[in-house]
Amino acid sequence: MTNNNNGSSEFDVVIVGAGFAGMYQLKRMREASFSAVVLETADDVGGTWYWNRYPGARCDILTVDYSYSWDRELEKEWVWSERYATQPEILRYAQFVADKHDLRRDIRFNTRVNAARWDEEQRRWVITTNDGGQLNARYYVMATGCLSMPKVPDVAGSERFTGEVYFTSTWPHDGVDFSGKRVGVIGTGSSAVQSIPLIAEQCEQLTVFQRTPNFAIPARNGAISEERIAAYKKDPVAYREEARWSEIGVPRERPQLSALQVSEEERSARYEAMWEEGELRAVGAVYNDILTNADANDTMRRFINDKIRAKVDDPAIAELLCPDNHYVASKRPCLDTNYFETYNLPHVKLLDLRDDPIATITETGIDTGKASFEFDAIVFATGFDAMTGALVGVDIIGSDGLTLRDAWDHGPQTYLGLMSVGFPNLFMITGPGSPSVLSNMMVSIEQHVDLITDTLVSLREKDFDRIEPTELAQSRWVEHNNEFADLTLMPSANSWYMGANVPGKPQVFLPYIGGVDRYRTACDEVVARNYLGFALNGPSGQQVNDGIIRELKPDVQLLLEAIAELDLPPMETMGVDGARQFMIESGASMPPGPDVGEIMDGTLSGADRSALEYRLYRPPSGGPHPITVYFHGGGWVLGNAITDDPLCRYLCLHSDSIVISVNYRHAPEARFPAAADDGLAAVTWVSEHAQELGGVPGRLAVAGWSAGGNVAAVAAQQARFAGGPEICGQVLLCPATDGTDRRPSHHENAENLGLTLSLMDWFWDNYCDEGNRSDPKASPLLARDLSGLPPALVLTCQFDPLRDEGDAYADALKGAGVKVRHLECEGQIHTSIPAVDVVVTAEYAREAMATALREFFGEPSPVSSGL
Ligand code: FAD
Ligand code: NAP
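Remember, it's a predicted structure, so these values are computed and weren't measured experimentally.

J.: What should I look at first to understand the overall build of the protein in this one?
T.: The helix and strand tally for the protein stands at 27 helices and 29 strands. Relative to its length of 867 residues, the protein is compact, with a C-alpha radius of gyration of 32 Å against a globular reference of 29 Å. Taking the principal axes of the C-alpha coordinates as reference, the protein spans close to 95 × 70 × 50 Å. A burial count over the protein gives 61% of its 867 residues as buried. Considering only intrachain contacts with a sequence separation of at least 6, the fraction spanning at least 24 residues in the protein is 73%. Taken as two groups, the 75 positive and 123 negative side-chain charges of the protein have centres that lie 2 Å from each other.

J.: Looking at this structure, how should I read the sheet that holds strand β12 (residues 348-352)?
T.: Strand pairing in a sheet is mediated by backbone hydrogen bonds. Such pairs are either parallel or antiparallel. Reading across from one edge, β7-β16-β8-β9-β12 is the order of the five strands in this open sheet, with parallel pairing throughout. Strands with a single pairing partner mark the edges of an open sheet, and in this sheet they are β7 (164-167) and β12. For this sheet, the mean angle separating the axes of adjacent strands, direction not counted, is 20°. Sheet topology places strand β9 (residues 205-210) next to β12; five bridges connect them, and they run parallel.

J.: Before we go on, may I ask you to explain the site of ligand 2 in this structure?
T.: Close contacts around ligand 2 come from 25 residues, with R58, K151, D154, S191 and T212 the closest. Between ligand 2 and K331, the relevant distance is 2.9 Å, taken from an oxygen atom to a side-chain nitrogen or oxygen of the residue. Burial of ligand 2 by the protein amounts to 90% of the accessible area it has alone, namely 900 Å². Among the elements that line the shell around ligand 2, the one with the most residues is helix α5 (residues 190-202), at three residues. Residue composition of the shell around ligand 2, grouped by class: nine nonpolar, nine polar and seven charged.

J.: What should I look at first to understand the pattern of salt bridges in this one?
T.: Think of it this way: side chains of opposite charge can pair up when their charged atoms draw near. Inspection of every chain in the model, using the stated rule, returns 68 salt bridges. The closest approach of N and O atoms between R773 and D765, which form a salt bridge, is 2.9 Å. For D765, a relative accessible area of 45% corresponds to the partly exposed category. R803 is the salt-bridge partner of D804, the closest N and O atoms lying 2.8 Å from each other. When sorted by exposure, D804 lands in the same class as R803, which is buried. Ionic contacts of the salt-bridge type, sharing partners, join the residues D65, R228, R252, E277, E279 and R281 into one network.

J.: Would you mind going over the packing of aromatic side chains with me for this structure?
T.: Counting across every chain of the model gives 43 aromatic pairs. Summarising the aromatic geometry, the rings of Y271 and Y287 are spaced 5.6 Å apart at their centres and angled 90° between planes, so their arrangement reads as edge-to-face. Here Y287 lies in the loop between α9 (280-285) and α10 (294-311) and Y271 lies in helix α8 (residues 264-277), a separation of 16 residues in the sequence. Considered together, Y271 and Y287 belong to a single accessibility category, that of buried residues. Between W496 and Y497 the ring centres are 4.6 Å apart and the planes differ by 55°, which places this aromatic pair in the tilted class. Judged by relative accessible area, which is 23%, W496 ranks as partly exposed. Y497 gets classed as buried once you look at its relative accessible area, which sits at 3%. Chaining the aromatic ring pairs together yields one cluster made of F20, Y24, W49, Y66, Y68, W70, W78, W80, Y93 and F96. Over the aromatic face of F34 sits the side chain of R460, whose NZ or CZ is 4.1 Å from the ring centroid.

Cut-offs used in this document
- Residues numbered from 1 in each chain as written.
- Chains lettered and ligands numbered in written order.
- Predicted model: local features only at pLDDT ≥ 70, side-chain atom pairs only at ≥ 80, totals over all residues.
- Heavy atoms only, no water.
- Helix = DSSP H or I, 4+ residues; strand = E, 2+ residues; numbered from the N terminus.
- Rg over C-alpha atoms; globule rule 2.2 N^0.38 Å.
- Buried < 20%, exposed > 50% of the residue type's maximum accessible area, 1.4 Å probe, protein only.
- Contact = heavy atoms within 4.5 Å.
- Lys, Arg positive; Asp, Glu negative; His and termini not counted.
- Charge placed at Lys NZ, Arg CZ, Asp CG, Glu CD.
- Pairing = 2+ DSSP bridges.
- Axes fitted to C-alpha atoms, helices over the stretch in contact; angles between N-to-C directions.
- Near = heavy atom within 4 Å.
- Polar contact = N/O pair within 3.5 Å; in protein donor to acceptor, adjacent residues only side chain to side chain.
- Areas by Shrake-Rupley, 256 points an atom, 1.4 Å probe, with all protein chains shown as cover.
- Nonpolar A, V, L, I, M, F, W, Y, C, P; charged D, E, K, R; others polar.
- Salt bridge = Lys/Arg side-chain N within 4 Å of Asp/Glu carboxyl O.
- Phe/Tyr/Trp six-rings, centres within 6.5 Å; stacked < 30°, edge-to-face > 60°.
- Lys NZ or Arg CZ within 6 Å of the ring centre and 35° of its normal.

Without other data, these values stay purely geometric and don't point to any function.
See below:
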């Protein structure tokens, strides 16, 4: 393959953009012997660091981390002068790399890509540039940057001003002298926070127009600490590897502690340490719930705002500078040097646009509703059309004639933030749906470039020449992204992460928030699973490996990761007492569930005159109430009346029924049929004592989870055989229904998903002899006749070993003419639904349980349960 860029128009790969992404992509293409060219609007390399030359421009990730890791020699040749290098220094670094690797030879500068069209017949991209030139290439890589398309000014009259106009994002190369000038700055994001102190140093008068105050912590720039250098120098390869597998691309452990778990003193001490550290990574690394819990976030908000108040002399100005309408880090926080102190200078004025919005820009300045300002220069620090702007800024037409802009009309659709359906062979570096702007971008850029390169090499080796994600893979990745973001406070802010800064832009959370480490794991898995979610074809034929890379709901994934971290022995090896103790302790560490009206403990008569403890949960509303008799999970061996406390509270509150959770007898002390018999006895006792308990006689339902679902189902069957008590409905959550057979879900979900197959086997062995398992009192699915049973809601979870037993029971009930709603919970595991306030993606399932109960009781319900 040739690699001659002299006037050639045919390439294996066209790369757009000569920032850090495009430069490294070119290097890797050359090494892999692909012919490649880079097209770049600017007249030199550097991207972000070429364009953003405003005073004070620096990186906000320590430069030792924000640098290439792929050239070991370079790491020794280039020594950064300070913690956060300036724009000129970073630009020199980019130029140094370009020189060292002779990159410019294959870069066409002053060349803007205007359009790109996929030619299906030729299987090539046809690319048109601003000079009318046309190139074509098998593969097309957009290394166009996430923060490279300046936001078009959306301030009325912005074209009218006759004085000097500057944009931080396209600053003049010769710099600007503000001496003796009256300057207005619009915006208070990172670019403004960096430039305002330096503009103020020069100019005669400065007025800052602030729409949203921003959180900023001191950068504490200066020499990089010996400690950090030592950490890096000790083993640079390991250091970089740690960065690649970290949350944001900078080595640091994920925090384990909640901000709400510690004393006020401890919290303040940790926040002080964060304040002293002067690194953005510290903000997310103090507590584990800053981005997910509004109260936790509020503790940090108050701390930072107090610091702002301490820096600003005028209390009224200080208040204006304290962010109060978004959570810390839900908009990109800033690192500052003398930003807040600048407002103490007599010639610097802050104008709060929330109180007095800009009416128009005039020939001579800016008019707000209340005042007119005259300026010699106006600086727009108004940001970017981030993440998608540069991509849809090119008129890209895909395989079905649709433009990328139209395809993304409702928000970007990507698989892994790397490719998009309908746009074969088009790769995006750090595209929407990848960690990109939430990470040290250098790490994310390198990961994408390496992934793209390895993919192209793999396609070549297998004689494929076309790659495109599948619809399913893409739509589920987008869903996964949104679900992850929805677990956090991030979507609540009017941020550029949400596209909220650009009028008319669809508002979706753009980057992937799961972290660099989880993202890398997902990408590696896609490759290891033979390009899962991609359709490949070429001369050698085609390979469509349709599938979903992340099927577990993100909060379930987080829960399983937390459990795995504990590295516990399997429960079945703990012994019966050990396992019981463990279940009680782990339950105690979960959120308590909602408050109810009253909680009462009592004892009822079980079968064989056994005394069974119960806990009664009464709703806050005035009684009498219908009653739900609830049977807890725990494999007939573990648990008691209070181990499913959060779920019982939830069901009580939301179904407006009394929930009576019964501690039926457990194995191995009381083996089959003790639990089954106790189930019926408890229901009978409650029915007979309904009035005393504050219930409505005759309005009784049963519910249960797992083995408790088995007990509830058996109780409903036994009550029908016995001719009473009358049960008006059953809610069966992941019920065990058949101990005689192996089903696919037993094998598919045997391990690592909470309930394991071997634990389930241990439960059965403790509970019931093999010979008794075909008794319907043990395996309700095997009952000969299921007709006449009360209506049922059966909930099964996709990643539960018991899934197929529950599915089979729902089908069998339906087959017998019972009114059934079967809710198959995608992406959930056996323990998801009882995890109130932990697995929030299962909230709809809990709601469905409560709704079903209300309907069984004939109570009005806000939504239909579908029964
Ligand atoms: P860019 O550097 O944006 O380069 C894209 C290039 O593509 C540009 O040169 C552009 O001219 C060119 N281009 C775009 N469209 C076309 C077209 N149609 N035709 C031809 N050429 C085109 N990230 C961090 O991780 N840490 C930081 O500290 C940090 N600081 C930042 C400071 C500022 C002021 C800004 C704006 C961003 C900062 N970022 C930071 C994000 C930064 O953008 C990335 O770190 C990184 O530089 C992006 O590199 P890139 O090559 O992907 O894109
Ligand atoms: P930005 O964060 O989007 O800030 C733009 C500012 O302009 C905001 O204060 C915004 O207010 C305001 N604004 C926009 N339109 C306005 C209007 N019509 N009227 C009044 N005010 C308006 O942009 P940025 O400062 O250029 O930074 C963008 C990103 O680049 C950063 O978040 C960061 O990722 C990166 N960056 C990093 C550094 C660094 O320190 N290394 C420096 C600069 C940039 P609202 O908030 O109300 O929209």
